[in-house]
Every structure is written in C-alpha cells, then in structure tokens.
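Coordinates in review
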Amino acid sequence: MRAFTYERAIDAEQAVRAVARPGGRFIAGGTNLLDLMKVEAETPAHLVDVSRLPFMEIADTEEGGLRIGSAITNSDLAADRRVRERYPMLARALLNGASGQLRNQATTAGNLLQRTRCYYFYDPSKPCNKRAPGSGCSALQGFNRIHAVLGASDACIAVHPSDMAVAMAALEAEIEVQSASGHRRLKIADLHRLPGTTPQKETNLAEGELITAVVLPPPPAGGQIYRKVRDRASYAFALVSVAALVDVEGERIRTARIVMGGVAHKPWRALAAEQGLVGAAPVADSFAAAGEAAVAGAKGHGHNDFKIALASRTVARALADAAAQKKG
Ligand SMILES: Cc1cc2nc3c(=O)[nH]c(=O)nc-3n(C[C@H](O)[C@H](O)[C@H](O)COP(=O)(O)OP(=O)(O)OC[C@H]3O[C@@H](n4cnc5c(N)ncnc54)[C@H](O)[C@@H]3O)c2cc1C
Ligand code: SF4
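The present account deals with the structure reproduced in this document. (Residues numbered from 1 in each chain as written. Chains lettered and ligands numbered in written order. Predicted model: local features only at pLDDT ≥ 70, side-chain atom pairs only at ≥ 80, totals over all residues. Heavy atoms only, no water.)

**Here we look at the overall build of the chain**
On a plain count of helices and strands, the chain comes out with 12 helices and 12 strands. For the chain, the C-alpha radius of gyration of 20 Å lies close to 20 Å, the compact-globule estimate for 328 residues. Expressed along its principal axes, the backbone C-alpha trace of the chain runs to roughly 60 × 50 × 35 Å. Across the 328 residues of the chain, 54% fall into the buried class. The contacts of the chain with a sequence gap of at least 6 include a subset with a gap of at least 24, amounting to 63%. Total accessible area on the chain is roughly 14,400 Å²; 52% of this is exposed by carbon and sulfur atoms. Charge centroids of the chain, computed over 40 positive and 33 negative side chains, lie 4 Å from each other. (Helix = DSSP H or I, 4+ residues; strand = E, 2+ residues; numbered from the N terminus. Rg over C-alpha atoms; globule rule 2.2 N^0.38 Å. Buried < 20%, exposed > 50% of the residue type's maximum accessible area, 1.4 Å probe, protein only. Contact = heavy atoms within 4.5 Å. Areas by Shrake-Rupley, 256 points an atom, 1.4 Å probe, with all protein chains shown as cover. Lys, Arg positive; Asp, Glu negative; His and termini not counted. Charge placed at Lys NZ, Arg CZ, Asp CG, Glu CD.)

As structure tokens, this is what we get:
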C-alpha cells in the first residue's frame with residue numbers, strides 16, 4: 001500500500017477544496033476504497049474523509065418523497081420506518097447486501113460509487129483496461145462467471161455490484177452533487193456509464209464532485225420487490241438481481257418497472273419489457289414474456305452464459321411477486 005495523507009472534512013466546502021489537491025480522493029466508510037488501495041488498484045495521494053459531513057439525515061420532501069443524506073449508513077437507511085413502509089424494495093436491497101458489520105460502515109454515496117468485483121481488477125498482475133487503460137481485458141478469455149451479459153464492450157465486461165443502486169434506479173431516484181462550481185442534480189439512470197472504450201470512467205460525475213444526497217420521488221403505486229440470486233444465502237454479491245414494480249388496475253397492468261443488477265456495468269432498466277406489460281393481464285405468461293424481453297440482445301462470454309436464462313426467470317418471478325403483493 002502506498003503512502004497517503006488524510007484529512008477529515010467538517011463541511012462540504014472544505015471537502016470539495018481539499019479533494020482538488022493532486023491525487024485527492026473522497027473516502028466515506030472505506031469498505032471498498034481501502035481494499036482497492038491495499039492491492040494498489042487505486043493509489044490516491046490524499047484522502048478526504050467525508051463520513052462525518054452533516055449529511056446524515058433522512059428527511060421528508062415537500063413532494064412526498066425522501067431526501068437521504070449521502071453519509072447515512074446502509075444499516076440506518078434500511079432500518080428507517082419510512083423506507084421500510086414506503087420503499088420496501090430499497091430496504092430489502094440494502095439488507096441483501098454485504099454483512100451487518102459492513103452495512104454499519106458503508107454509506108449511501110460510497111455504495112453507489114463502489115467499484116466492480118471483477119477478480120482481475122483486484123489483481124495487479126493481470127491486464128485490466130479499467131485499472132490500467134489499454135492493457136487489455138483478462139475476463140474476456142478468462143474466468144467470467146460473474147460478468148456482464150448486457151451492455152458490455154470489447155474493452156470491459158465488468159458489472160456494477162451494488163444492490164442498493166438497482167432499487168434506487170427502479171424508484172427513479174435523483175442524485176444531488178456539489179463541487180467548486182456549485183450544485184446540480186442528476187437522475188440515477190445517468191449516474192453510471194456503460195464501459196464502451198473507456199471502462200475506467202464509470203460515472204458521469206466530474207472530477208471532485210461530492211455526492212451530498214439521494215432524493216427519492218414519492219413512492220410509486222403498485223407492489224414492489226427486490227429479488228437477489230447469489231451463490232450463497234448471505235454475504236455474496238448478486239449473480240442476478242431484479243427490482244420490480246407492478247401496478248395492477250382491475251384485471252390489467254397499468255405500469256411496471258424492471259431494473260436488473262449483476263448483468264451490466266450499471267443497473268439495467270428493461271424499458272421495452274416494461275412497455276410490453278402495459279395493458280397485459282397480470283398472469284404468468286405475461287411475466288415470462290417480459291422476462292424474455294428483458295434479456296433481448298444479451299450475450300454470454302462462456303462461464304456466464306447461464307446468467308441470461310437466470311435473469312429472464314428472475315424477472316418473471318419478481319414481477320409475479322410484485323403483482324401478488326398488490327393483491328394483498
Ligand atoms: C466482503 C464484502 C461484501 C460486500 N457485499 C455487497 C453486496 O452484496 N451488495 C452490495 O451492494 N455491496 C456489497 N459490498 C460493498 C459495500 O456495500 C461497499 O463497499 C460500500 O457500500 C461502500 O461504501 P463506503 O462508504 O464504505 O465507500 P468507500 O469505500 O469509502 O468509497 C467508495 C467510493 O465512493 C467514493 N465516495 C464516497 N463517498 C463519496 C461522496 N459523498 N461523494 C463522492 N464520492 C464518494 C470514494 O471516493 C470511493 O471511490 C460488499 C463489500 C465487501 C467488502
Ligand atoms: S472485465 Fe473490466 S474490470 Fe474485469 S478485467 Fe476486463 S477490463 Fe478489467
């Protein structure tokens with residue numbers, strides 16, 4: 001691990017100023033960044049601790065949603081009564097992530113910006129375009145069981161590992177950020193990028209932008225669920241996960257939302273599959289068709305071929321569960 005300096009910011013202005021130093025980098029819970037520093041996949045020269053900034057509140061918004069401070073821990077967010085009652089898919093996604101100890105330390109912003117778990121990214125002896133641009137992608141011809149089947153490129157087939165981000169994408173959250181040039185908001189759908197030819201650039205945040213909050217719109221109508229499939233029942237990243245929302249009116253589906261995790265470089269929204277459900281009967285055949293549509297264009301790389309059928313079936317099952325919830 002390389003030497004670095006450390007400072008704890010007391011307000012956002014100080015944090016933004018401090019991170020502008022050469023090699024400056026925010027650190028929150030440190031549960032991902034420190035691991036990456038140990039293997040020198042990340043080598044910041046100056047750490048700016050943002051875990052004690054005054055962004056630890058979950059507040060009701062005037063519109064009927066919630067504004068979640070970026071330094072709120074995953075445990076506190078999952079335990080909040082308003083989140084459990086109004087956004088159960090989010091509470092469930094959070095509780096499906098990592099372990100109790102990690103959730104006590106991990107923050108909202110850190111979770112969104114955690115980096116891929118691709119084995120080669122963590123192994124400095126292997127080529128990896130994300131860690132060392134231009135060096136190649138070891139996963140393409142290597143062991144790629146956990147890798148992407150949608151939206152990947154010849155440069156990188158890594159997936160984004162966050163559970164929380166998948167639920168937030170289905171809830172159409174927005175991210176508030178602050179920098180030396182002011183404040184802005186962006187949709188969570190626009191936060192993460194696909195790898196293309198620049199897999200090292202994972203988000204649309206500018207250098208030094210600080211996430212201050214995540215804003216959830218009012219809870220959408222309908223039943224909602226987060227379903228995660230993994231190698232063991234706890235303490236494992238998703239092979240495939242699905243955040244599903246189904247609003248049934250009478251005998252027809254009024255709206256549906258489907259976002260998949262574990263399949264792409266960002267939470268993957270299946271808009272065509274959602275559209276296909278509008279007006280359909282909430283029955284197994286409709287959900288199976290949506291599952292098929294959700295993986296249209298998916299491509300496996302050998303070891304991960306199984307993910308395509310798994311994702312399709314998980315979508316169908318999650319939709320059925322979400323619709324059943326609505327029926328009560
Ligand atoms: C063994 C293990 C298992 C795990 N399992 C899961 C799982 O199943 N599901 C899951 O979703 N996650 C899982 N995680 C990941 C864990 O949830 C993340 O490590 C954690 O959420 C990161 O949050 P943090 O606050 O510790 O971030 P840090 O490690 O402190 O930071 C992560 C990144 O965010 C940036 N950052 C932090 N705060 C800000 C801010 N306010 N503004 C801008 N940038 C910021 C940092 O610069 C860094 O790049 C697991 C982790 C481990 C170690
Ligand atoms: S999939 Fe991406 S992160 Fe993994 S080795 Fe290839 S370039 Fe690196």
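**Description of the site of ligand 1**
The environment of ligand 1 is formed by 32 residues, the closest being Phe26, Gly30, Thr31, Thr107 and Asp163. Between ligand 1 and the protein, one listed contact pairs an oxygen atom with a backbone N or O atom of Ala98 at 3.0 Å. Compared with its free state, where it exposes 990 Å², ligand 1 has 94% of that area covered by protein. Among the elements that line the shell around ligand 1, the one with the most residues is helix α7 (residues 108-113), at 4 residues. (Near = heavy atom within 4 Å. Polar contact = N/O pair within 3.5 Å; in protein donor to acceptor, adjacent residues only side chain to side chain.)

**A short note on helix α11 (residues 284-294)**
Residues of α11 that are buried: Ser286, Phe287, Ala290, Gly291 and Ala294. All buried residues of α11 fall inside an arc of 140° around its axis, so they share one side. Turned more than 90 degrees off the buried face of α11, the exposed positions are Ala284, Asp285 and Glu292. (Arc of directions from axis to C-beta.)

**Topic: the site of ligand 2**
Lining the immediate surroundings of ligand 2 are 14 residues, of which Cys118, Cys128, Cys137, Cys156 and Ile157 lie closest. For the shell around ligand 2, a count of residues per class yields 10 nonpolar, 3 polar and 1 charged. (Nonpolar A, V, L, I, M, F, W, Y, C, P; charged D, E, K, R; others polar.)

**Focus on unusual backbone geometry**
Its identity is not glycine, yet Glu40 carries a phi of approximately 60°, on the positive side. Counting through the fold element by element, Glu40 comes out in the loop between α2 (33-38) and β3 (46-49). Backbone geometry at Tyr235 places phi at a positive 60°, although glycine is not the residue there. Here Tyr235 is to be found in the loop between β9 (223-229) and β10 (240-249). Here Tyr235 falls in the partly exposed class, since its relative accessible area comes to 49%.

**Some points on the sheet that holds strand β1 (residues 5-8)**
Taken together, 3 strands build an open sheet; the order of strands is β1-β3-β2 and the sheet is parallel. Looking at the sheet topology across the chains shown, the edges are occupied by β1 and β2 (24-27). Sheet twist, expressed as the average angle between the axes of neighbouring strands with direction ignored, equals 25°. (Pairing = 2+ DSSP bridges. Axes fitted to C-alpha atoms, helices over the stretch in contact; angles between N-to-C directions.)

**Section: the side chain of Thr61**
Here Thr61 is to be found in the loop between β4 (58-60) and β5 (66-69). Once you skip the residues sitting within four places of it in the chain, Thr61 turns out to touch Leu66, Arg67 and Val215.

**A short note on the pairing of β5**
In this structure, β4 lies alongside β5, joined through 3 bridges in antiparallel fashion. Across the sheet, Ile58 pairs through a bridge with Ile68, a residue of β5. As consecutive antiparallel partners, β4 and β5 are separated by 5 residues, and within that stretch Gly64 has a phi angle of approximately 100°, a positive value. Inspection of the sheet shows β5 paired to strand β8 (residues 210-216) by 4 bridges, in the antiparallel sense.

**Quick look at the environment of Ala98**
Considering the arrangement of structural elements, one finds Ala98 in the loop between α5 (88-95) and α6 (100-105). Taking the C-alpha atoms as reference, Ala98 lies 9.8 Å from Asn74; in sequence the two are 24 residues apart. In this structure Ala98 touches Arg103 and Tyr235, once residues within four positions along its chain are discounted.

**Regarding a nonpolar patch on the surface**
Taken together, Met1, Phe4, Tyr6 and Leu34 make up a surface patch of nonpolar side chains, about 360 Å² in accessible area. Positionally, Met1 belongs in the segment before β1. (Patch = residues over 30% accessible without salt bridge, like charges linked within 9 Å, V, L, I, M, F, W, Y side chains within 5 Å. Salt bridge = Lys/Arg side-chain N within 4 Å of Asp/Glu carboxyl O.)

**Looking at the packing of aromatic side chains**
Summed over the entire model, instances satisfying the criterion amount to 3 aromatic pairs. Taken together, a centroid distance of 5.9 Å and an interplanar angle of 80° make the contact between Tyr119 and Tyr120 edge-to-face. Judged by its relative accessible area of 31%, Tyr119 is partly exposed. Accessibility expressed as a relative area gives 13% for Tyr120, which makes it buried. With a centroid separation of 5.7 Å and 85° between ring planes, the pair formed by Phe121 and Tyr122 is classed as edge-to-face. Each member of the pair, Phe121 as well as Tyr122, carries the same accessibility label: buried. Here a set of aromatic residues connected by ring pairs shows up, and it is made of Tyr119, Tyr120 and Phe143. (Phe/Tyr/Trp six-rings, centres within 6.5 Å; stacked < 30°, edge-to-face > 60°.)

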